[in-house]
Amino acid sequence: EDQVTQSPEALRLQEGESSSLNCSYTVSGLRGLFWYRQDPGKGPEFLFTLYSAGEEKEKERLKATLTKKESFLHITAPKPEDSATYLCAVQGNNDMRFGAGTRLTVKP
Amino acid sequence: DTEVTQTPKHLVMGMTNKKSLKCEQHMGHRAMYWYKQKAKKPPELMFVYSYEKLSINESVPSRFSPECPNSSLLNLHLHALQPEDSALYLCASSQVRGEANEKLFFGSGTQLSVL
């Protein structure tokens with residue numbers, strides 16, 4: 001069965017303090033690894049898709065990387081508006097499976 | 001238009017009520033999904049429609065009944081719910097189910113409370 005584990009569960013950063021979120025996965029035939037951002041009471045918002053080990057994607061202060069077993073979401077010099085839950089999801093031979101997310105809080 | 005619209009945003013219902021959740025997208029997507037999400041938990045897949053046909057029903061109780069009237073609309077009919085069914089119900093769509101880039105577009109959800 002496909003599995004996705006995200007760590008840490010929660011992360012508190014000061015504004016400008018860079019860090020990384022981890023997503024470990026096991027999947028039958030990876031067809032894509034996805035990162036989403038979710039604000040409280042809202043639906044997830046798509047950030048990135050990664051398809052193969054070694055691939056990297058960037059968007060503003062966010063950079064996602066992928067290996068054969070895990071993905072990292074690096075946040076450089078975060079701002080308070082980056083506070084949200086970040087969800088990782090994998091798509092293999094079955095439907096998309098989500099991790100429980102990392103709740104990020106960035107203090108000014 | 002890259003939006004998935006869900007109504008209502010909030011819903012409070014009693015255990016004997018019948019209500020419906022509605023979802024609409026105009027991106028030409030042919031796959032539509034219902035997810036259930038409890039607080040601090042990942043979204044859990046409930047139903048998938050592909051080309052207006054139900055292709056996945058993840059062992060969801062019969063008190064939840066999905067309907068896909070056309071390629072743009074998705075409904076979820078609710079009847080005799082239990083308090084443990086209280087959750088955020090998310091609708092999503094993707095271009096085609098089963099493709100490599102099955103990027104999901106989510107609506108803002110309906111926050112359901114069952115009293």
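See the structure shown above.
In this text, all values refer to a predicted model and were calculated from it rather than measured experimentally.

### Section: the interface of chain A and chain B
Point 1. Taken together, the 19 residues of chain A in the interface contact 22 residues of chain B.
Point 2. Between chain A and chain B the total buried area reaches about 1,600 Å² when both faces are included, carbon and sulfur atoms providing 52% of it.
Point 3. Counting the surface chain A buries against chain B, the share from its top three residues, Arg31, Asp95 and Phe98 of chain A, is 30%.
Point 4. Where chain A packs against chain B, one counts zero salt bridges.
Point 5. If you look at where chain A meets chain B, you find two residue pairs in polar contact (both at pLDDT 80 or more).

### Description of the pattern of salt bridges
Residues and elements named next belong to chain A.
Point 1. According to the stated counting rule, one finds seven salt bridges over all chains in the structure shown.
Point 2. The salt bridge partner of Glu1 is Arg97, with a shortest N-O separation of 3.6 Å. Of this pair, Glu1 sits in the segment before strand S1 (3-7) while Arg97 sits in strand S10 (residues 97-98), and the two are 96 residues apart along the sequence.
Point 3. Its relative accessible area of 34% is what places Arg97 among the partly exposed residues.

### Concerning the pairing of strand S5 (residues 45-50) of chain A
Residue and element names in this part refer to chain A.
Point 1. In this structure, strand S4 (residues 32-38) lies alongside S5, joined through five bridges in antiparallel fashion. Note on S5: the bridge partner recorded for Trp35 is Phe48.
Point 2. Counting the residues that bridge the hairpin from S4 to S5 gives six residues, and of these Gly41 lies at a positive phi of roughly 70°.

### Focus on the state of the cysteines
Point 1. This structure, assessed with the given rule, holds two disulfides over all chains.
Point 2. A sulfur-sulfur separation of 2.0 Å characterises the disulfide bridge that pairs Cys23 of chain A with Cys88 of chain A. Given an S-S torsion of about -60°, the disulfide between Cys23 of chain A and Cys88 of chain A has left-handed geometry. Here Cys23 of chain A is found in strand S3 (residues 19-26), whereas its partner Cys88 of chain A is found in strand S9 (residues 84-91), with 65 residues between them in sequence.
Point 3. Residue class for Cys88 of chain A comes out buried when judged on its relative accessible area of 0%.
Point 4. Across the disulfide from Cys23 of chain B sits Cys91 of chain B; the S-S distance is 1.9 Å. Linking Cys23 of chain B and Cys91 of chain B, the disulfide has an S-S dihedral of approximately -70° and is accordingly described as left-handed. Within this pair, whereas Cys23 of chain B is found in strand S3 (residues 18-25), its partner Cys91 of chain B is found in strand S9 (residues 87-94), the two being separated by 68 residues in sequence. Like Cys91 of chain B, Cys23 of chain B is buried.
Point 5. Unpaired in this structure, Cys68 of chain B has its nearest cysteine sulfur neighbour in Cys91 of chain B, at a distance of 9.2 Å.

Rules and cut-offs
- Residues numbered from 1 in each chain as written.
- Chains lettered and ligands numbered in written order.
- Predicted model: local features only at pLDDT ≥ 70, side-chain atom pairs only at ≥ 80, totals over all residues.
- Heavy atoms only, no water.
- Contact = heavy atoms within 4.5 Å.
- Buried area = accessible area lost by both parts, 1.4 Å probe.
- Salt bridge = Lys/Arg side-chain N within 4 Å of Asp/Glu carboxyl O.
- Polar contact = N/O pair within 3.5 Å; in protein donor to acceptor, adjacent residues only side chain to side chain.
- Helix = DSSP H or I, 4+ residues; strand = E, 2+ residues; numbered from the N terminus.
- Buried < 20%, exposed > 50% of the residue type's maximum accessible area, 1.4 Å probe, protein only.
- Pairing = 2+ DSSP bridges.
- Disulfide = S-S within 2.5 Å.

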